[in-house]
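# Results of the structural survey
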Amino acid sequence: MAPRKRMSAGERDRRRRMQWWHEAKFGMFIHWGLYSVLGRHEWAMEIEGIPVPEYERLADQFKPKRDCARQWAKLAKRAGMKYMVLTTKHHDGFCLFNTELTDYCAPKRACGRDLVAEYVEAARSEGLRVGFYHSLMDWHHPDGARCAEDEAARKRFVAYVHGQVRELCTNYGKLDILWYDVAWPLAPDGWESAKMNRMVRKLQPDIIVNNRNKLPGDFSTPEQHITAEPGGRAWEACMTMNESWGYHATDDAWKTPKQIVRNLVTCAHDGGNYLLNIGPRADGSVPAPSVRTLNAVGEWTDKYGHAIYGADRCQVTRSRFANFTRKGKTLYVHVHFWPGDTVTIGGLRTKVKGAKLLPSGKAVSFEQDRFRVRFTGLPEKAPEKLVTVLQVECASVPRQDMMYIRTRRKRGKA
Ligand code: GLC
């Protein structure tokens, strides 16, 4: 056998830093800024070609209610989320935090408050981990585009971006996540991304960073789709609840609570996290469909969250009517299209020792042969509105082999 590769000190440290995050599985993304005043998607400034001076005037109208961050944090907690990530600055360049590097920030405009400070306090008071999203691309900064061709501009712009990242990592206590976004128009060398990550890690030794400053960082960030990373690398699928990240007054393409629970289960099955977005209005209030959905998701996580948090990657593959999560030798069957009084899993090559229906814990009868296990005597109708969960104890780590069925299927008389 090839000798086991020893884990490097860096890898050990990453494991330590990321342990809570792997267990957490579910977080809230918040896109909020001047674009929330317009309510036409967070890219409105670019999509509609709005000139900088015209867009800047939105800062006179951005006067959120006090206490809105508290509402988000409470909502996140109710939904069963364990961390939050807020846009400290999106591509429009407007900063929600107090910065010495520009006046284009909430504390120095009509708002008059450090919204990031309020957010940090709110998240902590609900026991949630704190993440900062920060856009590298900046449509407002005069050097934001010309930095690609002009070295003096690049130097100024990189000093600005690094300086703000330094402020964020210095002025708000312990941070858990730094979530860079859009590294246009520079390459990693141009951004001095390695230096940036070193600075961040020095200021925040426990922080984890994503891969959007064009370096791998600690985790990958599939956007609007759930795709596991090869090679066991950590990943987090970020997703909107409708089709916009920032508040959009007429985007009504809302996902249902059931779709969201299914996505969460899929992430947990594939070994990743789910970062689900809200786009509050300019006053900080959260659109009603998001509130309703997160409450419904919270009712589900209250009952079944223990099948999600801390789950291990699961080899049993999702079928047409159910998906799976796993903790050690325990398999959780998440049934989204209820089949009636019998739930069957084909190809399970692990001996089942017992099963129960959650949340009651009522024992479920089962029959198992080489090809399938059938859980019988279940209710005719789905016991749960969203996704019903069976907890199955196995004699070893559950393993499925569908080829076993295909190649040795029984023929002839039953
Ligand atoms: C993107 C978009 C953006 C959104 C983000 C979230 O790159 O530019 O508006 O903030 O991804 O993942």
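An account of the accompanying structure is given in this report. (Residues numbered from 1 in each chain as written. Predicted model: local features only at pLDDT ≥ 70, side-chain atom pairs only at ≥ 80, totals over all residues. Heavy atoms only, no water.)

Bringing the packing of helix α8 (residues 151–171) against helix α10 (residues 193–203) into the picture now. One way to put it is that α8 packs onto α10 with a least axis distance of 9 Å and a crossing angle of 15°. In terms of orientation, α8 and α10 fall into the roughly parallel class. Viewed along their axes, α8 and α10 form a crossing whose handedness is right-handed. Packed against α8, whose contacting residues are Val-161, His-162, Val-165, Arg-166, Cys-169 and Thr-170, the element α10 presents Lys-195, Met-196, Met-199, Val-200 and Leu-203 at the interface. Of the residues belonging to the contact of α8 with α10, the class tally is seven nonpolar, two polar and two charged. (Axes fitted to C-alpha atoms, helices over the stretch in contact; angles between N-to-C directions. Helix = DSSP H or I, 4+ residues; strand = E, 2+ residues; numbered from the N terminus. Parallel < 35°, antiparallel > 145°, perpendicular 65-115°, else oblique. Left-handed = near helix turned anticlockwise from the far one by under 90°. Contact = heavy atoms within 4.5 Å. Nonpolar A, V, L, I, M, F, W, Y, C, P; charged D, E, K, R; others polar.)

Attention now goes to the sheet that holds strand β6 (residues 236–239). Reading across from one edge, β5-β4-β3-β2-β1-β7-β6 is the order of the seven strands in this open sheet, with parallel pairing throughout. The open sheet is flanked by β5 (208–209) and β6, the only strands paired with a single partner. Across two bridges, strand β4 (residues 177–181) lies against β5 in parallel orientation. When the sheet's bridge partners are listed, Leu-178 is paired in β5 with Val-209. Relative to strand β3 (residues 129–135), helix α7 (residues 115–125) is tilted by about 150°, and along the sheet it contacts β1 (26–30), β2 (83–89) and β3. (Pairing = 2+ DSSP bridges.)

What follows is about the environment of Phe-371. Examined against the element boundaries, Phe-371 turns out to sit in the loop between β13 (365–368) and β14 (372–376). For Phe-371, a relative accessible area of 10% corresponds to the buried category. C-alpha of Phe-371 to C-alpha of Leu-348: the two residues are 23 residues apart in sequence and 7.0 Å apart in space. Apart from residues lying up to four places away in sequence, Phe-371 is in contact with Ile-345, Gly-346, Gly-347, Tyr-404, Ile-405, Arg-408, Arg-409 and Lys-410. (Buried < 20%, exposed > 50% of the residue type's maximum accessible area, 1.4 Å probe, protein only.)

Let us now look at the packing of helix α6 (residues 68–79) against α7. For the pair α6 and α7, the least separation of the axes is 8 Å and the interaxial angle reads 35°. Seen from above, α6 lies across α7 with right-handed handedness. For the pair α6 and α7, contact is made by Ala-69, Arg-70 and Ala-73 and by Glu-118, Tyr-119, Glu-121, Ala-122, Ala-123 and Ser-125, respectively. Of the residues that constitute the contact of α6 with α7, the class distribution is five nonpolar, one polar and three charged.

Here the focus is the site of the ligand. Looking at the ligand, there are 14 residues lining it, with His-31, Glu-42, Trp-43, His-90 and His-91 nearest. For the ligand, an oxygen atom lies 2.8 Å from a polar atom in the side chain of His-90. Protein chains bury 92% of the 310 Å² of accessible surface belonging to the ligand in isolation. Among the cavities detected, the one that contains the ligand is the second largest pocket. Here the residues of the shell around the ligand are counted per class, giving seven nonpolar, three polar and four charged. (Near = heavy atom within 4 Å. Polar contact = N/O pair within 3.5 Å; in protein donor to acceptor, adjacent residues only side chain to side chain. Areas by Shrake-Rupley, 256 points an atom, 1.4 Å probe, with all protein chains shown as cover. 1 Å grid on protein atoms, 1.4 Å probe; cavity = no way out; pocket = protein on both sides within 12 Å on 5 of 7 lines; lining within 4 Å. Sits in = over half its atoms within 2 Å of the grid points.)

Inspection of every chain in the model, using the stated rule, returns 28 salt bridges. A single network of salt bridges, built from pairs that share partners, joins Glu-11, Asp-13, Arg-14, Arg-16, Arg-17, Arg-201, Asp-206 and Asp-218. (Salt bridge = Lys/Arg side-chain N within 4 Å of Asp/Glu carboxyl O.)

Inspection of every chain in the model, using the stated rule, returns 19 aromatic pairs. Ring centres 4.8 Å apart and planes at 85° place the aromatic pair Trp-32 and Trp-72 in the edge-to-face group. One end of the pair, Trp-32, is in the loop between β1 and α2 (35–38); the other, Trp-72, is in helix α6, and 40 residues separate them in sequence. Assigned by exposure class, Trp-32 and Trp-72 land together as buried. When the ring centre of Tyr-309 is taken as origin, the NZ or CZ atom of Lys-82, which lies over that ring, is 4.2 Å away. The lysine or arginine in question, Arg-349, covers the ring of Tyr-404, its NZ or CZ lying 3.6 Å from the ring centre. (Phe/Tyr/Trp six-rings, centres within 6.5 Å; stacked < 30°, edge-to-face > 60°. Lys NZ or Arg CZ within 6 Å of the ring centre and 35° of its normal.)

What follows deals with unusual backbone geometry. The omega torsion across Trp-184 and Pro-185 is 5°, close enough to zero to call that bond cis. With respect to the helices and strands, Pro-185 occurs in the loop between β4 and α9 (188–191). Residues Leu-358 and Pro-359 are joined by a peptide bond in cis, for which omega reads 0°. Structurally, Pro-359 is set in the loop between β11 (352–357) and β12 (362–363). Phi is positive for Val-182, which is not a glycine, with a value near 40°. Topologically, Val-182 is positioned in the loop between β4 and α9. Residue classification places Val-182 among the partly exposed positions, given a relative accessible area of 25%. We note that Gln-224 has phi near 65°; this positive angle belongs to a residue other than glycine. Gln-224 gets classed as partly exposed once you look at its relative accessible area, which sits at 35%.

With that out of the way, let us pick up the layout of surface pockets. Empty space among the atoms becomes apparent when a probe as large as a water molecule is rolled across them. Estimates place the volume of the largest pocket at around 450 Å³. Considering the residues around the largest pocket, the lining is formed by 17 residues, among which His-22, Gly-232, Ala-234, Gly-271 and Arg-313 are closest to the centre. Tallied by class, residues from the lining of the largest pocket come to three nonpolar, five polar and nine charged. In this structure, the second largest pocket is lined by 14 residues; those nearest its centre are His-91, Asp-181, Arg-212, Glu-223 and Trp-245. Classifying every residue of the lining of the second largest pocket gives seven nonpolar, three polar and four charged. (Points joined across faces, edges and corners; volume = space filled by probe spheres on them.)

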